[in-house]
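# An overview of the molecular structure
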Amino acid sequence: MKKGAANIKDVAAAAGVSISTVSRVLNHSGNVDDGLRARVKRAVRDTGYSINPIASSLKSARRNQIAIVIPTLKRNYYTDIIKGISEFFYKKDIIPVILESDGIFEREQELILNLEKQWVDGIILIPGQHKEKADYAKYADSLSNLTKSGTGIPVVLVEAPRINPKLDVVRADHEAAFYAMAEHLLEIGRRRIAYLGNAEDAPLYGFATQGVERAFAAYGLTLEQKYIRNNNYTVLEGYCSMKELIEEGLSVDGVLCVNDQVAAGALSACLEQGVFVPQEIAIVGFEGTALSIVTSPSITTMIAPRFQIGETAAELLHRRMEGEKSEPKQILLRVHMAIRASTMNSAGKSLDVMFSE
């Protein structure tokens, strides 16, 4: 058959399916079994059928494009989340576009407004640090009212609190994670524990801090303000905070860190100051990135299911794009701890412990 001469009937015949099935696959509308989808795609290639993307887009009001809006590409934590989102949508022939807000409220608002004008089919949003802004409530409410050509544009929040009860949320269970991190240090006898947390206006600051405070309370202790330092997820900030604590002579014997980068910085400061880890100070990180393995000593870390977070958010967004109208969901994914040499020399390279919370 001459390339370009085939029509949709030819594709249906070659794939052994109905014309309506071919149409659903080509227009990305409706649920189609993966096996049937693969047969249709193969038939399109074999017959040389040519799709007019402009006409298809106008007819279906679908652009086959979603947006991922994140605060920054510099934070390693987001890499696998993005990968989980992207791999899901690539299988659906939907293109993900990644946009950075730099954690700036006004820029995030502008990005969302522009995406609505550009007719994206859905948005996955990791909000920045802006909950104290005067018009934040109005902005949060607007996220559930985005439309294109009379059709709603669904938004799924990732690694965020439920800033709008009308939106779906997917995140790691940060309260359970930081509770377990604090509990681990307390179980091995540490009592003068510093908390190198994130900024107070960070989206998940409250959940993490609640987890730490709850663990302390279970041991009849309180998290003292003098042991708290706010950080912005970087190695340098972890280093500076730890160095400051040591130089102030606060006799810290354990450190809870908001992520593995901060933990690596804290470890570097300890080694530089001649403080032995874990003999004198035990260190725990969060995220489970490769950095926690390659330091010496290796860092005990709470591993978040980053790829699964992205994949789950993508699946949820796709269901909304297909018209699912169920109640908004808040999905909390489990974490687990890899106990390493920064808290227990006897742990060797890694001892994974699962938590049911």
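Residues numbered from 1 in each chain as written. Predicted model: local features only at pLDDT ≥ 70, side-chain atom pairs only at ≥ 80, totals over all residues. Heavy atoms only, no water.

## A short note on the overall build of the protein
- The helix and strand inventory of the protein stands at 13 helices and 15 strands.
- Projected onto its principal axes, the C-alpha positions of the protein cover 80 × 45 × 30 Å.
- Relative to its 357 residues, the protein shows a buried fraction of 52%.
- Counting only contacts in the protein whose residues sit at least 6 apart along the sequence, the fraction spanning at least 24 positions is 73%.
- Approximately 16,300 Å² of the protein is accessible, and the part contributed by carbon and sulfur atoms is 52%. (Helix = DSSP H or I, 4+ residues; strand = E, 2+ residues; numbered from the N terminus. Buried < 20%, exposed > 50% of the residue type's maximum accessible area, 1.4 Å probe, protein only. Contact = heavy atoms within 4.5 Å. Areas by Shrake-Rupley, 256 points an atom, 1.4 Å probe, with all protein chains shown as cover.)

## Focus: the sheet that holds strand 6 (residues 155–158)
- Taken together, the six strands give an open sheet; going across it, the order is 2-1-3-6-7-13, and neighbouring strands pair in parallel fashion. Each end of this open sheet is capped by a strand with a single partner; those strands are strand 2 (95–100) and strand 13 (330–333). Across the sheet, the axes of successive neighbouring strands diverge by a mean angle of 20 degrees, strand direction being ignored.
- The strands touched by helix 5 (residues 77–91) within the sheet are strand 1 (65–70), strand 2, strand 3 (122–125), strand 6 and strand 7 (168–172), with strand 1 carrying the most contacts at an inclination of about 175 degrees. (Pairing = 2+ DSSP bridges. Axes fitted to C-alpha atoms, helices over the stretch in contact; angles between N-to-C directions.)

## Quick notes on the environment of I112
- Tracing the backbone shows I112 in helix 6 (residues 105–117).
- Residues I112 and H318, 206 residues apart in the sequence, show an inter-C-alpha distance of 18 Å.
- Dropping the residues within four chain positions of it, I112 is found in contact with V69, I123, Y139, L143 and L146.

## Some details on the packing of helix 8 (residues 174–187) against helix 9 (residues 205–218)
- Close contact between helix 8 and helix 9 brings their axes to 7 Å; oriented N to C, the two are set at 35 degrees. The hand of the helix 8/helix 9 crossing is right-handed. Mapping the contact onto sequence places H174, E175, F178, Y179, A182, E183 and L186 in helix 8 and F207, A208, Q210, G211, V212, R214, A215, F216 and A218 in helix 9.
- Taken together, the residues of the contact of helix 8 with helix 9 break down into ten nonpolar, three polar and three charged. (Left-handed = near helix turned anticlockwise from the far one by under 90°. Nonpolar A, V, L, I, M, F, W, Y, C, P; charged D, E, K, R; others polar.)

## Re the packing of aromatic side chains
- Under the defined criterion, the tally for this structure stands at eight aromatic pairs.
- Judged by centre distance (6.1 Å) and plane angle (40 degrees), the rings of Y77 and F286 are tilted. Placement of Y77 in helix 5 and of F286 in strand 11 (residues 282–287) is noted, with a sequence separation of 209 residues between them. Summarising the burial analysis for this pair, Y77 and F286 share the class buried.
- By relative accessible area, which is 1% here, F286 ends up buried.
- One aromatic cluster is present, formed by Y77, Y78, F178, Y195 and F286 through successive ring pairs.
- The positively charged end of R75 is found above the aromatic ring belonging to Y78, 5.3 Å away from the centroid.
- Between the NZ or CZ atom of R171 and the centre of the ring of F207, over which it lies, the distance is 4.0 Å. (Phe/Tyr/Trp six-rings, centres within 6.5 Å; stacked < 30°, edge-to-face > 60°. Lys NZ or Arg CZ within 6 Å of the ring centre and 35° of its normal.)

## Observations concerning the state of the cysteines
- Scanning the model with the defined rule gives zero disulfides in all.
- As a non-bridged cysteine, C240 has C270 as the owner of its nearest cysteine sulfur, 13 Å distant.
- Here C257 is not disulfide-linked; the sulfur of C270 is the nearest cysteine sulfur, at 9.0 Å. (Disulfide = S-S within 2.5 Å.)

## Details of a nonpolar patch on the surface
- Taken together, the side chains of Y90, I95 and V97 present a nonpolar region at the surface, about 270 Å² in accessible area.
- Within the fold, V97 resides in strand 2. (Patch = residues over 30% accessible without salt bridge, like charges linked within 9 Å, V, L, I, M, F, W, Y side chains within 5 Å. Salt bridge = Lys/Arg side-chain N within 4 Å of Asp/Glu carboxyl O.)

## Side note on unusual backbone geometry
- In this structure, P278 follows V277 across a cis peptide bond, with omega equal to 10 degrees.
- Summarising the element assignment, P278 is placed in the loop between helix 11 (260–272) and strand 11.
- The amide bond that connects S296 to the next residue, P297, takes the cis arrangement and shows omega of 0 degrees.
- Here P297 shows up in the loop between helix 12 (291–294) and strand 12 (300–303).
- A positive phi angle is found at Y233, which is not glycine, with a value near 70 degrees.
- Here Y233 shows up in the loop between strand 9 (228–231) and helix 10 (235–247).
- Residue S251 is not a glycine yet carries a positive backbone phi of 55 degrees.
- Looking at the secondary structure, you find S251 in the loop between helix 10 and strand 10 (254–257).

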